[in-house]
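Now for the letters of each chain:
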Amino acid sequence: MPRANRRRPDRPLGGLVPAGMQRLEAGPDGDWIVRPVAGSGSAKTYRCPGCAQTIEPGTPHLVAWPAAGTFSPAAGAEERRHWHSGCWRARSRRR
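These numbers were taken from a predicted model, which means no experiment stands behind them.

## So, the packing of aromatic side chains
Phase 1: The tally for this structure, following the rule as stated, stands at two aromatic pairs.
Phase 2: Measuring from centroid to centroid gives 5.5 Å for W32 and W88, while their planes differ by 80°, and the two rings are edge-to-face. Highlighted residues: W32 in strand 2 (residues 30-37) and W88 in helix 1 (residues 85-89), separated in sequence by 56 residues. Grouping residues by exposure puts W32 and W88 together as buried.

Structural data, given as structure tokens:
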């Protein structure tokens, strides 16, 4: 008797956000809008402000900017920076 092929239930994402979806993060340094970038979504080289190393094209990383800009609420997007995911999580431990 052939076995029935049953579809396995989808695994929960476990808190991961699909690439391209932005979220608001509150931290001791203020509120930030954070957007993950998939490796396939990056075509340029960026410099991570956390470690001053380059983020090569094709490397998954985060883009973060203040929820409220320094000079005006709308200017926050102009202050966006590309971060390594680990550097972003460790930013509060840096001096």
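Moving on from the coordinates now.
## Description of the side chain of S42
Phase 1: By secondary structure assignment, the location of S42 is in the loop between strand 2 and strand 3 (46-47).
Phase 2: Residue classification places S42 among the buried positions, given a relative accessible area of 9%.
Phase 3: Polar contacts involving the side chain of S42 include one to the main-chain carbonyl oxygen of G39, which spans 3.3 Å.
Phase 4: Here G58 takes part through its backbone nitrogen, which lies 3.0 Å from a polar atom of the side chain of S42.
Phase 5: With residues up to four places along the chain from it excluded, the contact list for S42 reads V37, E56, P57, G58, T59 and H61.

## A closer look at the environment of I55
Phase 1: Tracing the backbone through its elements, the reader meets I55 in strand 4 (residues 54-55).
Phase 2: The spatial distance from the C-alpha of I55 to the C-alpha of T45 is 5.6 Å, given a sequence separation of ten residues.
Phase 3: I55 has contacts with K44, T45, Y46, C48, H61, H82, W83 and H84, leaving out every residue within four places of it along the chain.

## As for the sheet that holds strand 6 (residues 81-83)
Phase 1: Read across the open sheet, the four strands follow the order 1-2-5-6; overall the sheet is antiparallel. The strands lining the two open edges of the sheet, one partner per strand, are strand 1 (23-27) and strand 6. The average undirected angle you get between the axes of adjacent strands in this sheet is 35°.
Phase 2: Across six bridges, the pairing between strand 2 and strand 5 (residues 61-66) is antiparallel. Paired with I33 across the strands is W65, a residue of strand 5.

## Focus: the pairing of strand 2
Phase 1: Pairing analysis gives five bridges linking strand 1 to strand 2, with the strands arranged antiparallel. In the sheet register, R23 faces strand 2, and the bridge partner there is V34.
Phase 2: Counting the residues that bridge the hairpin from strand 1 to strand 2 gives two residues.

## Overview of the pattern of salt bridges
Phase 1: Under the counting rule described, the total for this entry stands at two salt bridges.
Phase 2: R23 is the partner of E25 in a salt bridge, and the nearest nitrogen-oxygen pair spans 3.0 Å.
Phase 3: On the basis of relative accessibility, which here comes to 30%, the residue R23 falls in the partly exposed class.
Phase 4: Residue R91 is joined to D29 by a salt bridge in which the shortest nitrogen-to-oxygen separation is 3.0 Å. One end of the pair, R91, is in the segment after helix 1; the other, D29, is in the loop between strand 1 and strand 2, and 62 residues separate them in sequence.

Definitions and cut-offs
Residues numbered from 1 in each chain as written. Predicted model: local features only at pLDDT ≥ 70, side-chain atom pairs only at ≥ 80, totals over all residues. Heavy atoms only, no water. Phe/Tyr/Trp six-rings, centres within 6.5 Å; stacked < 30°, edge-to-face > 60°. Helix = DSSP H or I, 4+ residues; strand = E, 2+ residues; numbered from the N terminus. Buried < 20%, exposed > 50% of the residue type's maximum accessible area, 1.4 Å probe, protein only. Polar contact = N/O pair within 3.5 Å; in protein donor to acceptor, adjacent residues only side chain to side chain. Contact = heavy atoms within 4.5 Å. Pairing = 2+ DSSP bridges. Axes fitted to C-alpha atoms, helices over the stretch in contact; angles between N-to-C directions. Salt bridge = Lys/Arg side-chain N within 4 Å of Asp/Glu carboxyl O.

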